[in-house]
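Residues per chain are reported as follows:
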Amino acid sequence: MARVRKRSTHLSKLCSFSCCRRAGATDEHARIGQKGYSRVVYCNEADSQEQIRLKYRGNYVSTTKYTAANFIPKSLFEQFRRVANVYFLVVACVSFSPLAPYSGPSILAPLVIVIGATIAKEGIEDWHRRSQDIEANNRKVEVFDGNGSFKETKWKDIRVGHLVKVCKDEYFPADLLLLSSEYEDGVCYVETMNLDGETNLKLKHALEVTSSIRGVETIKDFRAVIKCEDPNEHLYSFVGTLYYECKQYALSPQQILLRGSKLKNTNYIYGVVIFTGHDTKVMQNAVGPPSKRTRIERTMDKIFYILFSALVLVSFVGSVVFGIETKKDNGGNYGRWYLRPDSTTVFFDSRRPLVAAFLHFLTALMLYGYLIPISLYVSIEICKVLQSIFINQDQAMYDEETERPAQARTSNLNEELGQVYTILSDKTGTLTCNSMEFVKCSIAGTAYGRGMTEVEVALARKRGEIIDEALATDTAEPGGSVKGFNFRDERIMNGNWVNEPHSDVIQKFFRVLATCHTAVPEVTESGQIVYEAESTDEVAFAIAAREVGFQFFSRNQTGIQLHELDPSTGERVDRLYKLLHVLEFSSARRRMSVIVRNPENQLLLLSKGADSVMFERLSEHGRMFEVQTKEHIERYSEAGLRTLVVAYRELDDDDGYKLWEEEYVKAKTSVGADRDDLLDKLTDMIERDFILLGATAVEDKLQKGVPSCIDKLARAGIRIWVLTGDKKGTAINIGYACSLLRHGMRQIVITLELPEIEALEKQGDKDAIATASLESVEKQIRDGKSQVDEESSIEFGLIIDGKSLYFALDENLVKLFMNLAMSCATVICCRSSPKQKAVVTRLVKSVTNKTTLAVGDGSNDVGMIQEADIGVGISGVEGMQAVMSSDFSIAQFRFLEHLLLVHGHWCYRRIAKMICYFFYKNIAFGFTLFWFEAYASFSGQPAYNDWYMSCYNVFFTSLPVIALGVFDQDVSATLCLEHPSLYQEGVQNILFSWIRILGWMFNGVLSSITIFFLTTNSITVQAFRNDGQVADYSVLGLTMYTCVVLTVNCQMALSVNYFTWIQHLFIWGSIALWFIFLLVYGSIPPTLSTTAYKVFIEACAPSIRFWLTALLVVIATLLPLFSYKAFQIRFRPMEHDTIQATRL
């Protein structure tokens, strides 16, 4: 008899799924089971044979770049993607052959040190990532064990099909299907900051059929099958079907809880694991940011090509001369008798001069390889990492309020910070706080709120009006101390509203604010009530209602409770509003409503929304205050405030409403393709005949220091673009408040809010509208360009709205538009979509061909941030999505001035000077080898000992150049901020222009000539030692090498602007290290030290000629640079020279 495994039978085996299929299923759900929709999950049966057979990934997550198995081969592959490293590897391999002019270990050792250091750095960084992975994988969650209890299990051990319990403030360990929660209707609140950067809570709700699965017995008996889409990166979509109790139910994103998000305001939920590990949506989205390279790096590649060309050229010249000289040795006329051409190897065979010349060419390629700086890459990386540490630790960019420092998320772009030509910025949350404050309101045609916003102050100053500082909202006394509430008006506060003529309207107004929202109250340990909601506006409204006397303190799925003042008795009473339906906000509807039943049993529809959609929905008898309210809204918009219209409607509790409610509930629970359209139609049907109560005005305040920061950036010559979703009027006024638009700046406004366009829109002819719009935008752009050309001495600011921008980006207009935009000091693009932001950023980058920086704080700014040369994320209210996609992160916009004008300026100067000096010192060293080769008839004999050459870049000249790249500064941070014009050195690329680069190269060649010819003429023409012996090959090489080390380090001392003890230690320590090396290496037996044995101790050190020659050569070599710097400072001073002179 066959053995049968005892386990629960799948309900899916007892029912035919096809017979359960509903006719109204969407097209997407009809694809279940097809390609891309083939995932099957057996709920609560992770250990079943059917689930195991599917072999889905486990929940172990790894974000490391390497594994233990592939670390060595993969990291080596990364290193040898660099052409220079490949060259040195080939040279190292060939150095073990007879062709090599020096020993193999002497060239292999520096390569191993340089590549080993870089690989070690990669390994350390990857180990940090691994540590984070270990921490995440070892978190614990409760998993149902099938025996009636939950067992704590590590995240990495979770499998598809497990039923888990997640408690409040815990992260979801995998992508889950929400089954139920502590609430009867199965809702829960989720924070998705790690996914999309939004800190506002999202409401999720389970299917009604599973919302009752909470007790141990119901969980134990729960069996179902999920068929859904395969793993993908789409965070906001999900297609699947739940097969449960012989029925099927369509699943939507509302039932999906994603890994990385956190459970909030809900004590616990139960869910089934659908996607695990790298199949989860957050991991599917985990792709690295686009690779960005700086302009200096790209220029450096060209310099390498030049040096490679120079290497080949000098090798070729030497080989030609060597071939000619070798040919002359044929026929018994031995000019170079010491090479024994009558009995020699193929390398000096006078009978085959072409072969000898070719082999010499290969030898020369290795010999002159020191023209290519082997340690440049690793030195630059070390400098950039240290620069990044200084950026991260800069107290001037530390935000005490949020306790967040600046962070260099990549060290590759440090110097690019000093070359920014254009900044493209978001507004909300970037220039402003994205923390709404209730400052004014219009109720029953009366304006309340006496303060002045920052925009109003800026406008008053623009008009030359006298400002009453006591009215500035920044100095608000009574309500200003409450976050989210900066409202001052004694007519409303402290219960005085009951004495107003329309106190009943005021009461209804604040009741709407206290109930028409999705906010959730939470009591802190101190007993205070704080609110969390999907938008900061709703939090501000709930706080405003509370401060006026309508405190929202409790919410569940069926009701909202307020603690409010009863005007008739003067006492505080609790009132319960039964919550029947929430008509949610959407960008298409631009309004949000709730249907409630108040304690008097009245059925009310309470609503708030944009004025463009609310006024047209007012009833005839509900327009009593329409004219005054519109005037107030216009005034609030001019003041830079965000406005919403507040209205209500009393519904008839009759068959008509019940019929609507039945249809609405039916539409909400439907899974048809027309579900959303049906809901919109039904909400539109009931959201009519409102009675106007008034309007709210909330302020998104400018961040601290924004105007002065923008002013300094503009004085630094940086062009600033603002890409915002605000209205044109609001954007212009904010522009004045934050100094984007300055007094005396002429405005060019491009808009399609024109009578002729509006008339065409009413007719509805789309083709005619498009044609007319395109022509209108083109005309406005041409008029603006002619205006700029005529008045070139005046600064211009360009303002363009979203519709106009759409047509301005047309392929026929885009070049004309960009020409106009780049002629303006400031550009403000209103009503811009995220896609338009990215497109504009790409255009600015390509048209200017200069460095662009994008700064934003929300997920809608990610495209713009990744498209720019440098992306800066603001770690603000909207979460971390922008930060996670950025290259640098700061807590406030004002820190941008310090990041660019100080660190950017310093990093650019340091890296530019460091690279130029690196090439200088290698050319100076490499060409001494060439001159010696010419002196020695191109015999292939190197001028120096093998280990002298190997240690040159690694020990004797590397540390000073790293110190230059980390510590040097032309002026202090204070002076950088006081003189923003200094920043133009980087924008104009003065320190890394081709003239400057070629000048340093020429100086290197000149230094090599001076060193070689002065040295040889000083010590080879007469007796060198006291006993009358002349200088031999080893003495000449040591003397010349000493001159090189002294010269390049003293050149460094001349190039440094700001000395620290570290630079002194590295410069003079490197020179001292060379002499210590001579003593130690020279004392090693000659089998190892070869030509260096006792040369310094016995021959050079006792000779006064050696020391005088070194001194003479150093002075002669430094003289050209010293003279040039003296001439430049005296007659052609740079900006920093002038500033330094004024400080003396």
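A brief report on the enclosed structure follows.

**Topic: the overall build of the protein chain**
The secondary structure content of the protein chain amounts to 41 helices and 33 strands. In the protein chain, which comprises 1144 residues, the share counted as buried stands at 55%. Of the roughly 49900 Å² of accessible surface on the protein chain, a fraction of 55% belongs to carbon and sulfur atoms.

**A look at the packing of helix α32 (residues 958-967) against helix α37 (residues 1061-1082)**
Relative orientation of the contacting elements α32 and α37 amounts to 165°, with a least axis distance of 8 Å. If you check the angle between α32 and α37, you find them roughly antiparallel. Classified by chirality, the crossing of α37 by α32 is left-handed. Counting all contacts with α32, which are made through L959, P960, A963, L964 and F967, the residues of α37 involved are I1062, Q1063, F1066, I1067 and S1070. Classifying every residue of the contact of α32 with α37 by side-chain character gives eight nonpolar, two polar and no charged.

**A look at the pattern of salt bridges**
Oppositely charged side chains can pair when the atoms bearing their charge come close. Applying the stated criterion to the full structure yields 39 salt bridges. One salt bridge in this structure joins D684 and R688, with 3.2 Å as the shortest N-O distance. Given the relative accessible area of 24%, D684 is considered partly exposed. Because the salt bridges share partners, they merge into one network encompassing R591, R617, D684, E687 and R688.

**Focus on the packing of aromatic side chains**
One pass over the full model with this rule turns up 52 aromatic pairs. Between F304 and F919 the ring centres are 5.8 Å apart and the planes differ by 80°, which places this aromatic pair in the edge-to-face class. Here the residue F304 occupies a position in helix α11 (residues 295-328), and F919 occupies one in helix α30 (residues 895-935), the gap between them amounting to 615 residues. Among the residues examined, F919 registers a relative accessible area of 2% and is labelled buried. Ring geometry for F1106 versus W1107: centroids 4.9 Å apart, planes at 80°, classification edge-to-face. Owing to a relative accessible area of 0%, F1106 belongs among the buried residues under this scheme. The class for W1107 is partly exposed, based on a relative accessible area of 36%. Three or more aromatic residues link up through ring pairs in this structure, and these residues are Y368, F927, F930, W931, F932, Y935, F938, F1012, F1013 and Y1033. Its end group placed over the ring of Y268, K165 keeps NZ or CZ at 5.0 Å from the ring centre.

**Some points on the packing of helix α36 (residues 1033-1055) against α37**
It is at 9 Å that the axes of α36 and α37 come closest, and there the two elements cross at 165°. With respect to α37, the axis of α36 lies roughly antiparallel. Seen from above, α36 lies across α37 with right-handed handedness. Between α36, through L1038, Y1041, T1042, V1045, L1046, N1049, C1050, M1052 and A1053, and α37, the contact on the second element is made entirely by I1067, W1068, S1070, I1071, W1074, F1075 and L1078. Split into classes, the residues belonging to the contact of α36 with α37 amount to 13 nonpolar, three polar and no charged.

**Concerning the sheet that holds strand β29 (residues 796-800)**
Within the open sheet, the nine strands sit side by side as β14-β33-β32-β31-β15-β27-β30-β29-β28. Their pairing is mixed. In the strand order of this sheet, the two ends are held by β14 (407-408) and β28 (746-750), each with one partner. Note that strand β15 (residues 420-425) and strand β31 (residues 851-856) share five bridges and pair parallel. Bridging across to β31, V420 finds its partner in T851.

**Thoughts on the sheet that holds strand β6 (residues 187-191)**
Pairing is antiparallel across the open sheet formed by three strands, whose spatial order is β7-β6-β12. Each of the sheet's edge strands pairs with one partner strand only, and the pair in question is β7 (201-205) and β12 (262-264). Taking each pair of neighbouring strands and ignoring which way they run, the sheet shows an average axis angle of 45°. For β6 and β7, the ladder comprises five bridges, and the chain directions are antiparallel. From the neighbouring strand, Y189 faces β7, where its bridge partner is L203.

**Looking at a nonpolar patch on the surface**
Among the surface-exposed residues, I113, F955, L1073, I1076, L1079, V1080 and I1097 lie close enough to one another that they form a single nonpolar patch of about 590 Å² accessible area. Looking at which element gives the most residues to the nonpolar patch, the answer is α37, with four residues. With respect to the helices and strands, the residue I113 is situated in helix α7 (residues 104-137). Overall, the relative accessible area of 42% leaves I113 in the partly exposed class.

**A short note on the side chain of D426**
Mapped onto the fold, D426 is located in the loop between β15 and β16 (432-443). Within polar-contact distance, the side chain of D426 engages the side chain of K837 at 3.2 Å.

**A few points about the pairing of β15**
Of all six residues in β15, six are buried; the element is thus mostly enclosed. Pairing between β15 and strand β27 (residues 719-723): four bridges, direction parallel. By the bridge assignment, I423 is partnered in β27 with I720.

**Details of helix α26 (residues 814-822)**
Think of an α-helix as 3.6 residues a turn; residues three or four steps apart then line up on the same face. Of all nine residues making up α26, seven are buried, and the element is well covered by its neighbours. Those residues of α26 that sit buried are V814, L816, F817, M818, L820, A821 and M822.

**Brief notes about the environment of F222**
Along the chain, F222 turns up in the loop between α9 (216-221) and β8 (224-228). Along the sequence, F222 and C43 sit 179 residues apart, while their C-alpha atoms lie 7.7 Å from each other. Not counting residues within four places of it along the chain, the set of residues in contact with F222 comprises C43, N44, L163, L179, I213, Y244 and V272.

**Overview of the nonpolar core**
When a protein is soluble and globular, its nonpolar side chains tend to lie buried together. Counting residues in each nonpolar core, the largest one holds 111 residues, and the members touching the most others are Y368, Y944, Y948 and W1074. The greatest single-element share of this core, amounting to 18 residues, is contributed by α30. Among all residues touching Y944, those that are not within four sequence positions of it are F925, T928, L929, M949, Y1033, G1037, M1040, Y1041 and V1044. Counting 93 residues, the second largest nonpolar core, distinct from the first, contains V420, L816, I828 and C830.

**A few points about a negative patch on the surface**
Together, E650, D652, D654 and D655 give the surface a local cluster of negative charge. Mapping D652 onto the fold places it in the loop between β25 (642-651) and α19 (655-668). Residue class for D652 comes out exposed when judged on its relative accessible area of 55%.

**Regarding the side chain of D869**
Relative to the helices and strands, D869 resides in the loop between α28 (862-867) and β32 (870-874). A distance of 2.9 Å separates a polar side-chain atom of D869 from the backbone nitrogen of T852. Apart from the residues within four sequence positions on either side, D869 is in contact with K292, R295, L413, E416, K845, K850, T851, T852 and D887.

About the thresholds
Residues numbered from 1 in each chain as written. Predicted model: local features only at pLDDT ≥ 70, side-chain atom pairs only at ≥ 80, totals over all residues. Heavy atoms only, no water. Helix = DSSP H or I, 4+ residues; strand = E, 2+ residues; numbered from the N terminus. Buried < 20%, exposed > 50% of the residue type's maximum accessible area, 1.4 Å probe, protein only. Areas by Shrake-Rupley, 256 points an atom, 1.4 Å probe, with all protein chains shown as cover. Axes fitted to C-alpha atoms, helices over the stretch in contact; angles between N-to-C directions. Parallel < 35°, antiparallel > 145°, perpendicular 65-115°, else oblique. Left-handed = near helix turned anticlockwise from the far one by under 90°. Contact = heavy atoms within 4.5 Å. Nonpolar A, V, L, I, M, F, W, Y, C, P; charged D, E, K, R; others polar. Salt bridge = Lys/Arg side-chain N within 4 Å of Asp/Glu carboxyl O. Phe/Tyr/Trp six-rings, centres within 6.5 Å; stacked < 30°, edge-to-face > 60°. Lys NZ or Arg CZ within 6 Å of the ring centre and 35° of its normal. Pairing = 2+ DSSP bridges. Patch = residues over 30% accessible without salt bridge, like charges linked within 9 Å, V, L, I, M, F, W, Y side chains within 5 Å. Polar contact = N/O pair within 3.5 Å; in protein donor to acceptor, adjacent residues only side chain to side chain. Core = buried A, V, L, I, M, F, W, Y, C linked by side-chain atoms within 4.5 Å. Lys, Arg positive; Asp, Glu negative; His and termini not counted. Charge placed at Lys NZ, Arg CZ, Asp CG, Glu CD.

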